[in-house]
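These are the residues of each chain, in order.
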Amino acid sequence: MTFKVLISDPLSEDGIQPLREADNIEVDVDTKLSADELAEKIDQYDALLVRSQTKVTRDIISNAKQLKIIGRAGVGVDNIDLSAATEYGIIVVNAPDGNTNSAAEHTVAMLMSLSRKIPQAYAALQNGKWDRKSHVGVELKGKTLGVIGMGRIGEEVATRAKGQRMQVIAYDPFLTKERADKLGVDFGSVEDVIKAADFITVHTPLIKETKHMIDKHAFAKMKDGVRIINCARGGIIDEDALFDAIESGKVAGAALDVFEEEPATDHRLLELPQVIATPHLGASTVEAQENVAIDVSHDVVRYLTEDVARNPVNLPSVPKEVMSKIEPYFHLSEKLGTFLTHVTKGVIEEINIYYSGDLIDLEVAPLTRNTIKGLLKRHLGDHVNDVNASYLAEKRGVQVNENKSSSTKGFTNLLTVEVKTKEGTRTVSGTLLNGLGPRIVKVDSYSVDVIPEGYLVFVSHNDRPGVIGKVGSAFAENDINIAAMQVGRSNVGGDAIMMLTVDKYLTDEQLEQLEQVEEINTVTAIEL
Ligand SMILES: NC(=O)C1=CN([C@@H]2O[C@H](COP(=O)(O)OP(=O)(O)OC[C@H]3O[C@@H](n4cnc5c(N)ncnc54)[C@H](O)[C@@H]3O)[C@@H](O)[C@H]2O)C=CC1
Ligand SMILES: O=C(O)CCC(=O)C(=O)O
């Protein structure tokens with residue numbers, strides 16, 4: 001099978017070598033497509049790679065009939081409609097580490113340019129003005145830098161600012177005292193930071209909580225003559241409030257690499273002499289562009305060929321060590337879900353998944369997603385995958401509960417899936433037998449030992465002498481070859497079940513014939 005990859009923004013040619021070198025991947029580069037052209041063309045592709053220029057909208061995603069992965073060569077994924085991608089089962093991956101250094105260096109460059117008015121002085125000189133009076137700067141040494149967002153870039157900036165002998169005070173919801181002490185920075189609330197700082201730099205993602213977090217109220221609390229830097233995302237700082245704060249003299253200057261609307265060629269902030277700006281250049285170095293393209297290309301190859309991604313954005317990433325431990329249970333979890341879709345009557349309202357034995361200490365969320373996938377796929381089709389399984393269940397009002405239970409019923413590991421509908425509850429348990437692979441070991445209260453593979457027939461019947469022979473004959477009369485058979489009963493003469501492994505999926509006619517046997521209540525054909 002050959003996968004087709006479209007690259008719709010300029011990416012480093014050296015960086016995309018992993019894609020070019022993959023045997024089964026064909027790469028098209030087209031960086032001039034309009035949104036409409038992309039929406040029209042996208043249905044031929046298995047993967048789309050972008051930088052920040054292409055807006056991957058719901059419209060484009062809904063046309064992407066075979067798209068499996070969107071790769072963002074960079075950190076911020078705000079140019080991709082993540083909820084649409086999740087809904088359509090498309091994984092989004094980014095390259096979070098490759099441009100950290102460049103973005104941090106750019107921030108420091110902006111900090112120094114801002115403090116010494118280098119861009120303004122250069123522009124004046126180009127216009128023939130030897131003006132030394134208007135371009136008096138301030139030193140960084142001894143000043144306080146406020147860092148909001150101490151992730152990868154924020155931390156690098158803080159460390160470098162200390163090299164300039166600045167004091168650093170930082171806020172991040174995940175910044176612990178231990179980490180702050182280790183980095184040699186003070187920490188406090190957003191308010192503490194903005195009140196204490198002479199320079200403020202933001203390094204958060206643009207999300208609901210950070211949109212306009214620096215607004216007119218925040219500016220009012222700052223020191224007079226504060227200077228602001230934004231090399232993260234336009235919109236973290238309210239641009240109108242910044243404009244007013246500069247005009248009023250509260251803010252002495254601002255250095256902006258990013259804007260709420262980009263490209264921002266005609267922005268009123270750019271008319272202010274206190275503002276210096278670059279056109280979103282934080283990651284624009286040879287090194288960063290090569291790094292992010294390499295990282296994202298590797299992830300696209302990995303996902304298309306092995307179904308694993310290192311930097312997924314709309315799916316929690318599972319560390320390799322965890323993955324290697326849970327991987328053997330993947331097959332079992334999906335098969336248990338699929339088994340239940342065959343034997344469950346009515347609309348699923350609740351799914352309870354119980355993990356016990358060896359499974360109790362593992363991170364089982366990926367197995368839960370896989371079980372849900374098994375439960376939904378038969379009815380919703382092949383577009384159900386790990387990315388959208390939980391979303392689709394939630395959308396349908398299905399409550400999913402993940403439980404860890406100490407009851408192993410004698411197995412070293414046991415995975416039990418219970419499904420509730422208005423018509424009742426059905427339960428199936430499976431285990432991974434050492435050296436023998438996956439087994440279904442219980443259906444409702446009946447113990448069985450069945451390999452969850454191929455074609456099965458689930459028969460519920462009354463426990464009477466001779467019934468097994470009758471069922472055997474009925475199968476023979478219907479030309480159905482039985483490869484294996486398991487029986488289980490609740491009590492002598494009571495309800496009983498049979499699980500048979502057969503060679504073919506039973507037709508409706510065959511099922512009707514089998515149900516003619518007096519002792520048989522229901523016969524269900526199962527394909528796992
Ligand atoms: N200008 C450019 O070309 C570039 C811009 N960026 C942008 O820089 C930003 C930071 O990137 P990274 O450091 O790689 O991301 P990161 O994910 O490592 O760090 C973001 C940090 O922000 C923190 N945060 C989230 N909400 C917050 C809040 N309300 N207040 C304070 N902190 C909050 C998070 O806890 C996290 O530690 C992103 O917006 C990214 O898109 C990244 C690379 C290049
Ligand atoms: O140069 C780019 O692609 C933008 C980089 C960026 O903003 C990011 O990685 O978040």
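By convention here, each chain's residues receive numbers from 1 onward along its written sequence. As they are written, the chains are lettered A onward and the ligands numbered 1 onward, keeping that order. Per-residue local features of the predicted model are confined to residues with pLDDT of at least 70, and side-chain atom pairs are confined, for both listing and counting, to 80 or more; whole-chain, interface and lining totals are unaffected and use all residues.

### Some details on the environment of aspartate 503
Part 1: Structurally, aspartate 503 can be placed in the loop between strand 21 (495-502) and helix 17 (508-515).
Part 2: Aspartate 503 gets classed as exposed once you count the C-beta atoms within 10 Å, which come to 10.
Part 3: C-beta atoms are placed from the backbone for every residue, and two residues are taken to be in contact when these atoms lie within 7 Å. The residues contacting aspartate 503, other than those within four sequence positions of it, are Tyr455, Asn481 and Ala483. Where helices and strands are cited, they refer to DSSP runs of H or I of at least four residues and of E of at least two residues respectively, numbered from the N terminus. Partly exposed residues are those whose C-beta has more than 12 but fewer than 20 other C-beta atoms within 10 Å; 20 or more makes a residue buried and 12 or fewer makes it exposed, with C-beta atoms placed from the backbone.

### A few points about the sheet that holds strand 16 (residues 424-433)
Part 1: At least two DSSP bridges between two strands are required for those strands to pair. If you walk across this open sheet you meet the 6 strands as 14-13-15-16-17-18, and the pairing is mixed. Unpaired on one side and paired on the other, strand 14 (399-405) and strand 18 (446-450) mark the two borders of the sheet. Strand after strand, the sheet turns through a mean of 20° between neighbouring axes, direction not considered.
Part 2: Both strand 13 (residues 350-357) and strand 14 contribute to a ladder of 7 bridges, which runs parallel. Residue pairing across strands places tyrosine 354 opposite asparagine 403, the latter belonging to strand 14.
Part 3: On the sheet, helix 13 (residues 320-343) packs against strand 15 (413-421), strand 16 and strand 17 (437-443) and is oriented at approximately 155° with respect to strand 16.
Part 4: Axes, fitted as lines to C-alpha atoms, cover a helix only where it is in contact. Angles between the N-to-C directions of the axes lie from 0 to 180 degrees. Each of strand 13, strand 14 and strand 15 touches helix 14 (residues 365-380); the most contacted strand, strand 13, lies at about 135° to it.

### Topic: the UniProt feature "domain: ACT" (unreviewed entry) in the protein
Part 1: UniProt positions are given in the numbering used here, feature names are shortened, and annotations may be inferred rather than shown by experiment. Here the UniProt feature "domain: ACT" (unreviewed entry) sits at residues 456-528.
Part 2: Secondary structure across residues 456-528 divides into 26% helix and 42% strand, with the first and last C-alpha atoms of the span separated by 8 Å.

### Some words on the site of ligand 2
Part 1: If you check the shell around ligand 2, you find Arg51, Ser52, Gly74, Val75, Gly76, Asn99, His280, Gly282, Ala283 and Ser284 and nothing else.
Part 2: Its residues placed into classes, the shell around ligand 2 shows 2 nonpolar, 7 polar and 1 charged. Placing the C-beta atom from the backbone, one calls a residue near a molecule or strand if that atom lies within 6 Å of it. Any residue that is not Ala, Val, Leu, Ile, Met, Phe, Trp, Tyr, Cys, Pro, Asp, Glu, Lys or Arg is counted as polar, Gly included; the first ten are nonpolar and the last four charged.

### Describing the sheet that holds strand 1 (residues 3-7)
Part 1: As summarised here, the arrangement of the 5 strands in space is 2-1-3-4-5, forming an open sheet in which the pairing is parallel. In the strand order of this sheet, the two ends are held by strand 2 (25-29) and strand 5 (91-94), each with one partner. For this sheet, the mean angle separating the axes of adjacent strands, direction not counted, is 20°.
Part 2: Pairing between strand 4 (residues 69-72) and strand 5: 4 bridges, direction parallel. Residue pairing in the sheet places arginine 72 in a bridge with asparagine 94 of strand 5.
Part 3: Against the sheet, helix 12 (residues 286-306) makes contact with strand 1, strand 2, strand 3 (47-50), strand 4 and strand 5, and its axis sits at roughly 165° relative to strand 4, the strand it touches most.

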